Amino acid sequence: MLTVRGLVVRYRDATALDGVSLRADRGEKVALIGPNGAGKTTLVNTLSGILRPAAGEVRIEGRLAHVPEGRQVFGTLSVEDNLLLGGWRSHRRDVAPIYALFPALGPLRRRRAGTLSGGEQQMVAIGRALMADPELLAIDELSLGLAPLVVQELADHLARLSAERGMTLLLIEQNARLALDLCDRAYVLETGRITIEGPCRELRHDPAVRHAYLGGAVRA
Amino acid sequence: MSAFIDYLLVGIATGCTFALLGTGFVAIHRVTRVVNFAQGAFAVLGGFFAETLLSHGLPHGLAEVLAVVAAGGVGLLCGLVALGWGRVPVMASLVITLGLSIIAEAVTLLIWGGTPISYPGLGGRDLVILGAQLQPQYLLLIVVTVVVLAGLAAWFRWTNLGRALTACASNPYAARLVGIDLNRMGLLAFALGGMLGGLAGVLMTPLIPMTYDGDVQLAINGFAAAICGGLVNPVGALVGGLVLGIGEQMVAGYWQASAETGVALVVLLGLLLWQALRERETMS
Ligand SMILES: Nc1ncnc2c1ncn2[C@@H]1O[C@H](COP(=O)(O)OP(=O)(O)O)[C@@H](O)[C@H]1O
Ligand SMILES: [Mg+2]
């Protein structure tokens, strides 16, 4: 579904990604974790075609939709307009399934997206991405700035979407525990390079991962 | 009293042309961040196009519509040059539009010469409103402006394309993510600006003869109107245009005609100063 090989991305002289390779199979949930400034956002922006790679290859079979870091809703537009704009490429105009998925958005459909809470905006951003009918959904910082309860709810939604529709998920997350619990496989990105990869249930017990990303906590 | 009503009505009508020009500024700036100095040239060309088409025997209505469409085409060309398919920085685009307006002036002078042009507007007897006499063309100008601006507002709100333009203004990064082509939207905005400017020119030429170098004056007035809406709000541009139009007529009527031009500049300067001060306040 998604294959990235030897990807190099630079900002002027600064190399943000230095030979990154990763893959995600159909229906798979893949986590990408790593510290601030590692290059995670750079990677998804390259997948979306916002940035051009200096070297390497990106192959995506099917449509990619991208929920950007910081949500990036159209703040001055209504929730409904945000969703409709998500269908720009797919020409989809039927927003009802999104309200069915996120019932909380229904009563807010006429509200300006910029006036909503962080959690509601994240729902709008995910709903907007889903309007593109994607086979691959990339989410950059799902939990950033959101209350734990809201994050759990969103994570449940994503797990369901993946299970029911066979949608492939690329989840970028600061909260490594959440990412490792939700996903099948994970990559650790550090200063532009993949340093660790493997199934999530193995990485949960990996000493290096535990030390750096799980606060060293010992948990069975 | 009837003089006051007279100034008021004429002021509203000229204010409408400023509002059309101002909305053109807004339409382009919202999407591209470029202040299009060629906006006044669109109006001049609209007037000249209409005059030429009419003098070649095209009927009223058709000639004016074609002139507006042609002005839209000029706007599109202007956008192509100024935006350079997204490879030109905003500041450079701004200077390019200034250059284009000078070229447009020269070309207009070459093709049509230096004599002011005009053509008959909407026929019929003068309307008498509260004791003031008004040519029907003034009313036409006001009605068309209201209809066009209302239609434009609806178009921005309710159509896919209009919504996409608004999205580019609201969040360009997110617009790219959902697949909107910012370069095309920029060109569309320029075409729209061209049509709005052209419409202003087409409607005002029967009332105030158009000259090849009238663009600067028009651009200043339109820009001042647009600044009232912070260059992003079309309603602000409408209000600004009306205030400016009425203000200028009052100054010209009760004080002296030559001061008319100064009003726009004073208002413009005041608004810019006020906005700069406000920005400083929010920053500190
Ligand atoms: N627009 C930019 N211009 C220059 N450098 C950038 C830009 N965006 C990010 N960077 C740099 O690239 C590196 C990776 O950043 P980013 O992809 O945002 O990391 P992450 O999402 O993992 O926090 C960082 O060193 C950051 O400073
Ligand atoms: Mg990031």
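Residues numbered from 1 in each chain as written. Chains lettered and ligands numbered in written order. Predicted model: local features only at pLDDT ≥ 70, side-chain atom pairs only at ≥ 80, totals over all residues. Heavy atoms only, no water.

**Quick look at the overall build of chain B**
Part 1 of the argument: Secondary structure summary: chain B contains 11 helices and two strands in total.
Part 2 of the argument: When the elements of chain B are put in sequence order from the N terminus, they spell out α-α-α-α-β-β-α-α-α-α-α-α-α.
Part 3 of the argument: The globule rule puts the C-alpha radius of gyration for 284 residues at 19 Å, and the 19 Å found for chain B is close to it.
Part 4 of the argument: In terms of overall dimensions, chain B has a C-alpha envelope of 55 × 50 × 35 Å along the principal axes.
Part 5 of the argument: Per-residue burial over chain B gives 48% buried out of 284 residues. (Helix = DSSP H or I, 4+ residues; strand = E, 2+ residues; numbered from the N terminus. Rg over C-alpha atoms; globule rule 2.2 N^0.38 Å. Buried < 20%, exposed > 50% of the residue type's maximum accessible area, 1.4 Å probe, protein only.)

**A few points about the confidence of the model for chain A**
Caution applies to low-pLDDT regions: their predicted coordinates should not be interpreted in detail.
Part 1 of the argument: On average, chain A scores 93 in pLDDT, and the residues at 70 or more come to 98%.
Part 2 of the argument: Confidence, read as mean pLDDT per element, is least for helix 8 (residues 207–213) of chain A in chain A (85) and greatest for helix 2 (residues 79–86) of chain A (97). (pLDDT = per-residue confidence, 0-100.)

**Concerning the coordination of the magnesium ion (ligand 2)**
Residue and element names in this part refer to chain A.
Part 1 of the argument: Only T41 (OG1) and E69 (OE) from the protein coordinate the magnesium ion (ligand 2), and they sit 2.0 to 2.1 Å from it. Taken together, the residues span a long stretch of sequence, with T41 in helix 1 (residues 40–47) and E69 in the loop between strand 5 (64–67) and helix 2 at a distance of 28 residues.
Part 2 of the argument: Look at E69 and you get partly exposed, because its relative accessible area is 31%. (Donors = N, O, S within 2.8 Å, 3.2 Å for Na, K, Ca; no water.)

**Side note on the site of ligand 1**
All names here are of chain A.
Part 1 of the argument: Every residue near ligand 1 is listed here: Y11, A16, P35, N36, G37, A38, G39, K40, T41 and T42.
Part 2 of the argument: Taking T41, its side chain carries an N or O atom lying 2.7 Å from an oxygen atom of ligand 1.
Part 3 of the argument: In the model, an oxygen atom of ligand 1 is placed 2.5 Å from a nitrogen or oxygen of the T42 side chain.
Part 4 of the argument: In isolation ligand 1 has 550 Å² of accessible area, and contact with the protein removes 56% of it.
Part 5 of the argument: Of the residues assigned to the shell around ligand 1, the class counts are four nonpolar, five polar and one charged. (Near = heavy atom within 4 Å. Polar contact = N/O pair within 3.5 Å; in protein donor to acceptor, adjacent residues only side chain to side chain. Areas by Shrake-Rupley, 256 points an atom, 1.4 Å probe, with all protein chains shown as cover. Nonpolar A, V, L, I, M, F, W, Y, C, P; charged D, E, K, R; others polar.)

**Some words on the pattern of salt bridges**
Residue and element names in this part refer to chain A.
Part 1 of the argument: Evaluation of the coordinates by the stated rule reveals 12 salt bridges over all chains.
Part 2 of the argument: Residue R185 is joined to E28 by a salt bridge in which the shortest nitrogen-to-oxygen separation is 2.5 Å. Placement of R185 in strand 8 (residues 185–190) and of E28 in the loop between strand 2 (14–24) and strand 3 (29–33) is noted, with a sequence separation of 157 residues between them.
Part 3 of the argument: Classification of R185 as buried rests on a relative accessible area of 12%. (Salt bridge = Lys/Arg side-chain N within 4 Å of Asp/Glu carboxyl O.)

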